[in-house]
Amino acid sequence: MSVTPLRGGPAREAELLGVVLDVLRETGYDRLTIDAVAARAKAGKHTVYRRWPSKAELVVAAFVNAVSDKPVVPDTGELRSDLLALMESLVGELARLGDVVAGLVGEILHNADLARAVQQNYIASRRRLTLEVFERAWARGELSRSADTDLLWQVGPAVLFFRALVSGEPVDYELARRLVDHIVLPLALGRR
């Protein structure tokens, strides 16, 4: 499927996707409409629909655009440093977009299109980044092949998301360091 570019190019697209997040924060996912986004962005709704055929695709595109255009796999040469870089990136995303994430989490349970779009466009890329970090650690001999990295990659994000979205506790870089040093690395290295 070809992507229909917006007139005005990438800058106009980024502007429109920023408007999506503003409207989402104000209305929530249920009440967000493409008409409202198009009106606020001073864009034709047909233009928006051609580029993003569903509300779920539009919202996820806005979220993915806000967190990073192209996530970069950290490559410091050391597992701990790479994991810290990944966790710090996630802390930054939550600081900027925790309110948007909170609104999407509840909706994902009831909206298969949104769940699929978040899975394909956000979760899958974060999983891939983390598994790449683990692959390099295996290649350097830092990590045993018996480590359950398919489960392990979720541990840090699960704690951060729980604290940010459920318990309301602070999420910061010190927490990221504690998670890496006291939970993720010991589990990855088989220490208890």
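The model shown is predicted, which means the values in this text are computed figures rather than measured ones.

Conventions and cut-offs
Residues numbered from 1 in each chain as written. Predicted model: local features only at pLDDT ≥ 70, side-chain atom pairs only at ≥ 80, totals over all residues. Heavy atoms only, no water. Salt bridge = Lys/Arg side-chain N within 4 Å of Asp/Glu carboxyl O. Helix = DSSP H or I, 4+ residues; strand = E, 2+ residues; numbered from the N terminus. Buried < 20%, exposed > 50% of the residue type's maximum accessible area, 1.4 Å probe, protein only. Contact = heavy atoms within 4.5 Å. 1 Å grid on protein atoms, 1.4 Å probe; cavity = no way out; pocket = protein on both sides within 12 Å on 5 of 7 lines; lining within 4 Å. Points joined across faces, edges and corners; volume = space filled by probe spheres on them. Nonpolar A, V, L, I, M, F, W, Y, C, P; charged D, E, K, R; others polar. Phe/Tyr/Trp six-rings, centres within 6.5 Å; stacked < 30°, edge-to-face > 60°. Lys NZ or Arg CZ within 6 Å of the ring centre and 35° of its normal. Axes fitted to C-alpha atoms, helices over the stretch in contact; angles between N-to-C directions. Left-handed = near helix turned anticlockwise from the far one by under 90°.

This paragraph deals with the pattern of salt bridges. For the coordinates displayed, the defined rule picks out 19 salt bridges. Between R40 and E26 there is a salt bridge, with its nearest N and O atoms 2.6 Å apart. Here E26 lies in helix α1 (residues 9-31) and R40 lies in helix α2 (residues 34-41), a separation of 14 residues in the sequence. For the salt bridge of R140 with E142, the shortest nitrogen-to-oxygen distance reads 2.5 Å. Note on R140: relative accessible area 32%, which makes it partly exposed. Three or more residues are tied together by salt bridges with common partners; here these are D75, D82, R128, E132, R136, R140 and E142.

Where helix α8 (residues 155-167) is concerned, the buried positions are G156, P157, L160 and R163. Where α8 is buried, its residues contact α5 (79-108) and α9 (173-189). In the segment just after α8, G168 is the residue with positive phi, at about 75°.

Okay, the layout of surface pockets next. Considered as a void within the structure, the largest pocket measures approximately 850 Å³ in volume. In terms of lining, the largest pocket is formed by 40 residues, of which the most central are L90, Y122, W153, P157 and F161. Secondary structure elements with two or more residues in the lining of the largest pocket: α4 (55-67), α5, α6 (112-139), α8 and α9. Among the elements that take part in the lining of the largest pocket, α5 stands out by supplying eleven residues, more than any other. Here the residues of the lining of the largest pocket are counted per class, giving 31 nonpolar, six polar and three charged.

Here we take up the environment of L131. Mapped onto the secondary structure, L131 falls in helix α6. Classification of L131 by relative accessible area gives buried; the value is 17%. In the structure, L131 is positioned 65 residues away from A66 in sequence and 23 Å away in space, judged by C-alpha atoms.

This paragraph deals with the packing of aromatic side chains. This structure, assessed with the given rule, holds one aromatic pair. A ring pair is formed by F63 and Y122, whose centres lie 4.8 Å apart and whose planes are at 70°; its orientation type is edge-to-face. With F63 in helix α4 and Y122 in helix α6, this pair connects stretches of sequence that are 59 residues apart. Each member of the pair F63 and Y122 is classed as buried. Directly above the ring of Y29 sits K55, whose terminal nitrogen or CZ lies 4.4 Å from the centroid.

Close contact between α1 and α4 brings their axes to 9 Å; oriented N to C, the two are set at 115°. Classified by chirality, the crossing of α4 by α1 is left-handed. Residues A14, L16, L17, V20, L21, L24, Y29 and D30 of α1 lie in contact with α4, whose contacting residues are K55, A56, L58, V59, A61, A62, F63, N65 and A66.

Another point: the environment of R140. One can find R140 in the loop between α6 and α7 (149-152). Among all residues touching R140, those that are not within four sequence positions of it are D75, G77, E78, L79 and D82.

All right, on to the environment of A117 then. Looking at where A117 falls in the secondary structure, it is placed in helix α6. Sequence separation of A117 and R96 is 21 residues, and the distance between their C-alpha atoms is 20 Å. Excluding residues that lie within four positions of it along the chain, A117 makes contacts with A56, V60 and Y122.

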